[in-house]
Amino acid sequence: MRRTDKFLPRQGDSWTWSLARTEDDINDIVLMAKQFYESEVGDIFSTDPAILRKNVELAITEQKYTLNQQQIIISRDKTSGKMLAWAWLSRGHYVVYADEEMADARFAHVDLTLPDRVRITLCAQIIQQWILWCNIHKIPVLISSSI
C-alpha cells in the first residue's frame, strides 16, 4: 500500500468522480473556471471562456477515443449533481535536456465555497488519480506548469 492510497475516493464520499463527457460537464467546467479562478490570471492574460470551452471540448473528444493522451475528470455531488471539482492532465511533454516523458497537470479546480476539509480531500483525490493515471500509462514524471 502506497502512502497516497489513503486519498483514493471512498464509497462514503458524498461525491463521485468520472471522466468528463457531456455538454453539461463542459458548461460547468467553464463556469467554475470563470467564477472562481479567472481573477487569478486576469492581470496577466485576457481570458476568453470560448477559448477554454473549445480546448476542453477538444480534450474531452480526444479522451473519448484515446484514453491514454489526456484526462479530464469531474467530481459531482451524489445528491444534487452539482460539480464540485474538475481536473485536467495531459501527456507528451519533455524538457530539452532529458528523454523522460512528463504528464502535465493543467488544471485542478475546486468549488471555493466548499468547506476547507472537503476542498483538501478533493485536491488530494485529484493528485492520487493523476498518480494512478501516470502509473497505468508508464509516465515517469508528473509536473504542473500552471498550478
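About the criteria used
- Per chain, residues are indexed from 1 in the order of the written sequence.
- Restriction of local features to residues with pLDDT of at least 70 applies here, the model being predicted, together with a cutoff of 80 or more for giving and counting side-chain atom pairs; totals for whole chains, interfaces and linings are based on all residues.
- In computing side-chain properties, one takes all heavy atoms of the structure into account and sets aside hydrogens as well as water.
- Helix and strand definitions here come from DSSP, where helices need a minimum of 4 consecutive H or I residues and strands a minimum of 2 consecutive E residues; each element is numbered from the N-terminal end.
- Our radius of gyration is a C-alpha quantity, and the globule rule it is checked against amounts to 2.2 Å times the number of residues to the power 0.38.
- Pairs of residues are marked as contacts when any of their non-hydrogen atoms sit within 4.5 Å.
- Note on definitions: angles span 0 to 180 degrees between N-to-C directions of axes, and those axes are lines fitted to C-alpha atoms, for helices only across the stretch in contact.
- The scheme is simple: roughly parallel for angles under 35 degrees, roughly antiparallel for over 145, roughly perpendicular for 65 to 115, oblique for anything else.
- Should the near helix be turned counterclockwise from the far one by less than a right angle, the crossing is left-handed, whereas a clockwise turn marks it as right-handed.
- Basically, the charged four are Asp, Glu, Lys and Arg, the nonpolar ten are Ala, Val, Leu, Ile, Met, Phe, Trp, Tyr, Cys and Pro, and anything else, Gly included, counts as polar.
- Under this definition, polar contacts are N or O atom pairs within 3.5 Å; protein pairs additionally need one hydrogen-donor-capable and one acceptor-capable atom, and for neighbouring residues in sequence, both atoms have to be side-chain atoms.
- Within a predicted model, pLDDT stands for the predictor's per-residue confidence, ranging from 0 to 100.
- Every helix has an expected span of 1.5 Å times one less than the residues it contains.
- With a 1.4 Å probe rolled over the protein chains alone, any residue whose accessible area is under 20% of its type maximum counts as buried; one over 50% counts as exposed, and the rest are partly exposed.

**Digging into the overall build of the protein chain**
- Scanning the protein chain for helices and strands turns up three helices and five strands.
- Its helices and strands taken in sequence order, the protein chain reads β-α-α-β-β-β-α-β from the N to the C terminus.
- Here the C-alpha atoms of the protein chain give a radius of gyration of 15 Å, agreeing with the 15 Å that 2.2 N^0.38 yields for 147 residues.
- Once local pairs closer than 6 in sequence are excluded, the contacts in the protein chain between residues at least 24 apart make up 63%.

**Quick notes on the packing of helix H1 (residues 23-41) against helix H2 (residues 49-65)**
- Contact geometry for H1 and H2: axes closest at 10 Å, N-to-C directions at 140°. Taken as axis vectors, H1 and H2 run oblique relative to one another. Relative to H2, H1 is oriented so that their crossing is right-handed. Residue-level contacts link Glu-23, Ile-26, Asn-27, Ile-29, Val-30, Ala-33 and Lys-34 of H1 to Pro-49, Leu-52, Arg-53, Val-56, Glu-57 and Ile-60 of H2.
- Its residues placed into classes, the contact of H1 with H2 shows eight nonpolar, one polar and four charged.

**As for the side chain of Arg-76**
- With respect to the helices, strands and loops of the structure, Arg-76 is situated in strand E2 (residues 70-77).
- A distance of 2.9 Å separates a polar atom in the side chain of Arg-76 from a polar atom in the side chain of Asp-25.
- Within the local environment of Arg-76, its side chain forms a polar contact with the backbone oxygen of Gly-81, the two atoms lying 2.8 Å apart.
- Discounting residues that sit within four places of it in the chain, Arg-76 has contacts with Ser-14, Trp-15, Thr-16, Asp-24, Asp-25, Asp-28, Gly-81, Lys-82, Met-83 and Leu-84.

**Observations concerning the confidence of the model for the protein chain**
- For the protein chain, mean pLDDT is 91; residues scoring 70 or higher make up 97% of the total.
- Put simply, H1 is where the protein chain has its lowest mean pLDDT, 88, and E2 is where it has its highest, 98.

**Looking at helix H3 (residues 116-136)**
- For H3, built from 21 residues, the straight-helix expectation of 30 Å at 1.5 Å per residue is met to within 8% by its first-to-last C-alpha distance of 30 Å.
- If you check which residues of H3 are buried, you get Leu-122, Ala-124, Gln-125, Ile-126, Gln-128, Gln-129, Trp-130, Trp-133 and Cys-134.
- Where H3 is buried, its residues meet strand E1 (15-19), E2, strand E3 (83-93), strand E4 (102-110) and strand E5 (141-143).
- Following H3 by one or two positions, Lys-138 adopts a phi angle in the positive range, close to 55°.

**Comments concerning the environment of Gln-129**
- Within the element layout of this structure, Gln-129 appears in helix H3.
- Residues Gln-129 and Ala-105, 24 residues apart in the sequence, show an inter-C-alpha distance of 11 Å.
- Excluding anything up to four places from it in sequence, Gln-129 contacts Pro-9, Trp-17, Gln-71 and Ile-73.

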